Amino acid sequence: SVFKLVIAGAALTHRIAAPTDRVFCSGGLRLGNRLFRCWQRSGHGWMDMNQGLVQSCDVYFYNIGLRLNVDRINDWSERFSLGAPTGIDLPREETGLIPSREWKRSVMEPRHPDEPWEWNWFDGDTVNLSIGQGATGTSPLQNAVMMAAIVNGGKRVYPYMNQALGPRAEPEPFMSERAVQAVREGLLMCVEKDTFPTGTGTAAQIDGLRVMGKTGTAQVVALSHLEPYDSVEEIPYGMRHHAWFVAGVIDQPVRLAVAVIVEHGHAGSSAAAPLAREVLEYFYTDRVPDPPLTVASGGDGEGP
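Here is a short report on the structure shown in this document. It should be emphasised that the depicted structure is a prediction, and the values quoted were computed from it without experimental measurement.

1. A look at the side chain of Asn-143
No. 1: Position of Asn-143 among the secondary structure elements: in helix 7 (residues 140-151).
No. 2: One polar contact links the side chain of Asn-143 to the main-chain carbonyl oxygen of Ser-139, over a distance of 2.9 Å.
No. 3: Once residues lying within four places of it in the same chain are set aside, the contact partners of Asn-143 are Val-2, Leu-82, Thr-138, Trp-244, Val-246 and Ala-259.

So, in structure tokens, the structure goes:
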């Protein structure tokens, strides 16, 4: 569900959805003979963009993703560095995958050359992609870069290890200011406990800081395989979902973006969000400030 930031940013920038547009969530979206369920089986009721992010409503983003279409989603995923190299100065970076029409055809047509329904792209594929499911695969670093774009006002940033490379960002934002502000508002409310109904990321709230956040869950097996189990504790460890949480802080002199994944942690709200809170608390309140970095200038002294 952290992928929902891509859908929100794209839809708002293209004015395909306004922050106040509402979608009714009854617990699922029916396409043809298939029901695409929301994680909240009883439904969320009427959802706008803000509450769609706060409650992580799948049905809301199914609808917005269909309005965008797969081609725009692919374009915006790359803008956020999902399914594409981040440009970090390390070897063998994994690129991940954002499925597209071309990708599906290249994979499935050789296997089913006489069955175009196996390799054509359908609305159901777009629905899955709209919440980051299906064949979608992204790295923690890519998700940190995605969150950093929200923190930095819609500008793509490039991670680096070598200090000499320095911080680098695209000079112009790829998201509209309106979109950035709307997404930030939803992510703030996702974490803050004084909103009603409370969001899925309240475990990341820190007194004195305004923390933005978004929970996510990456399925390891189909949900049908989990139906025999009555509780998370009964599910075999290797079948439990991976837990995601992305977070950011914008009201401090140094802005920070964080991505946390807990393998088989099951839920981002309970497993990953508390770890993000610990990282942010350490960075902003507990750590000893780093000494100023100096490098030899080759001249009469040292430069910053």
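2. Brief notes about the packing of aromatic side chains
No. 1: A full pass over the atoms with the stated rule returns 7 aromatic pairs.
No. 2: Seen from their ring centres, Phe-36 and Tyr-62 are 6.2 Å apart, and the 70° between their planes marks the pair as edge-to-face. Here Phe-36, found in strand 3 (residues 34-37), pairs with Tyr-62, found in helix 3 (residues 58-68); they are 26 residues apart in sequence, far enough to count as distant.
No. 3: Pairing Trp-76 with Phe-174 gives two aromatic rings, centres 5.8 Å apart and planes at 65°, and the pair type is edge-to-face. One end of the pair, Trp-76, is in helix 4 (residues 70-79); the other, Phe-174, is in the loop between strand 6 (168-169) and helix 8 (177-191), and 98 residues separate them in sequence.
No. 4: On the accessibility criterion, Trp-76 (0% relative accessible area) is buried.

3. Focus on the pairing of strand 3
No. 1: One ladder, built from 4 bridges, connects strand 2 (residues 28-31) with strand 3; its direction is antiparallel. The residue of strand 3 that forms the bridge with Leu-31 is Arg-34.
No. 2: Linkage of strand 2 to strand 3, two consecutive antiparallel strands, is achieved through a turn of 2 residues, within which Gly-32 is found at a positive phi near 60°.

4. Thoughts on unusual backbone geometry
No. 1: Here the phi dihedral of Ser-81 falls at roughly 75°; this positive angle occurs in a residue that is not glycine.
No. 2: Turning to its location among the elements, Ser-81 is positioned in the loop between helix 4 and helix 5 (101-108).

5. What to know about the packing of helix 1 (residues 4-13) against helix 8
No. 1: For the pair helix 1 and helix 8, the least separation of the axes is 8 Å and the interaxial angle reads 145°. Every pair of crossing elements has a handedness; the one defined by helix 1 and helix 8 is right-handed. Residues Leu-5, Ala-8, Gly-9, Leu-12 and Thr-13 of helix 1 form the contact with helix 8, whose own contacting residues are Arg-178, Ala-179, Ala-182, Val-183 and Leu-187.

Conventions used here
- Residues numbered from 1 in each chain as written.
- Predicted model: local features only at pLDDT ≥ 70, side-chain atom pairs only at ≥ 80, totals over all residues.
- Heavy atoms only, no water.
- Helix = DSSP H or I, 4+ residues; strand = E, 2+ residues; numbered from the N terminus.
- Polar contact = N/O pair within 3.5 Å; in protein donor to acceptor, adjacent residues only side chain to side chain.
- Contact = heavy atoms within 4.5 Å.
- Phe/Tyr/Trp six-rings, centres within 6.5 Å; stacked < 30°, edge-to-face > 60°.
- Buried < 20%, exposed > 50% of the residue type's maximum accessible area, 1.4 Å probe, protein only.
- Pairing = 2+ DSSP bridges.
- Axes fitted to C-alpha atoms, helices over the stretch in contact; angles between N-to-C directions.
- Left-handed = near helix turned anticlockwise from the far one by under 90°.

Everything listed is a geometric property; what it means functionally is a separate question.
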